[in-house]
Amino acid sequence: MRPRNTETSLAPLDRQHLSAPLRRLIDFFEHMTPASADTLDQHYAADAYFKDPYNEVNDLASIRRIFLHMFEQVNNPRFVVHTAFEQGEQVFLGWHFLFEMKQFKKGQVQCCRGSTHVRLNKQGLVIYHRDYWDPAEELYEKIPVLGNLMRWIKKQAG
């Protein structure tokens, strides 16, 4: 098994072929701060649907809370979008989520790899956002004790 590099070694995403709304959305994800969460209505429709491994909501205020919660849970969170495909209103994004844990492995950059399926409305706002990533592999295995248990379970299942 190859060691996992926490920083992305992929070439920067070529954004020239992407629509303006998608370029703005990627920029929002990659430069998100607690303050920029207040601009969510510039990227998401009021009744946007959002689902990830922990949440399923259908309104802007709840999506904002999810993004703000990320800043409470980890230090220095940031997304690096390395892949983007767009076909009409359908969008697929591949990303790395880089962060530092607050309680464990302080100062070490961690990386979760995932993807997002997005649908945009005619105004270029997100109406559907579904994140796909494996919390067991990408998060739980990074936590002391729990990580050992998760790796043991994975080995037993394989």
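Residues numbered from 1 in each chain as written. Predicted model: local features only at pLDDT ≥ 70, side-chain atom pairs only at ≥ 80, totals over all residues. Heavy atoms only, no water.

Draft legend 1. Quick peek at the state of the cysteines. Following the criterion strictly, the structure yields zero disulfides and no others. Cysteine 111 forms no disulfide, and the closest cysteine sulfur to it belongs to cysteine 112, at a distance of 6.8 Å. Residue cysteine 112 is classed as buried on the basis of its relative accessible area, which comes to 3%. (Disulfide = S-S within 2.5 Å. Buried < 20%, exposed > 50% of the residue type's maximum accessible area, 1.4 Å probe, protein only.)

Draft legend 2. Focus on the pattern of salt bridges. All chains considered together, the criterion is met by two salt bridges. With a closest N to O distance of 2.5 Å, glutamate 30 and arginine 15 form a salt bridge. Linking glutamate 30 in helix H1 (residues 20-30) with arginine 15 in the segment before H1, this pair joins segments that are 15 residues apart in sequence. For glutamate 30, a relative accessible area of 18% corresponds to the buried category. One salt bridge connects glutamate 56 with lysine 51, and the closest N-O pair in it is separated by 3.8 Å. (Salt bridge = Lys/Arg side-chain N within 4 Å of Asp/Glu carboxyl O. Helix = DSSP H or I, 4+ residues; strand = E, 2+ residues; numbered from the N terminus.)

Draft legend 3. Local environment of H1. For H1, every residue scored as buried is listed here: Leu22, Leu25, Ile26, Phe28, Phe29 and Glu30. For H1, the secondary structure elements touched by its buried residues are strand S1 (44-51), helix H2 (60-73), strand S3 (74-87), strand S4 (90-101), strand S5 (109-120) and strand S6 (126-132). (Contact = heavy atoms within 4.5 Å.)

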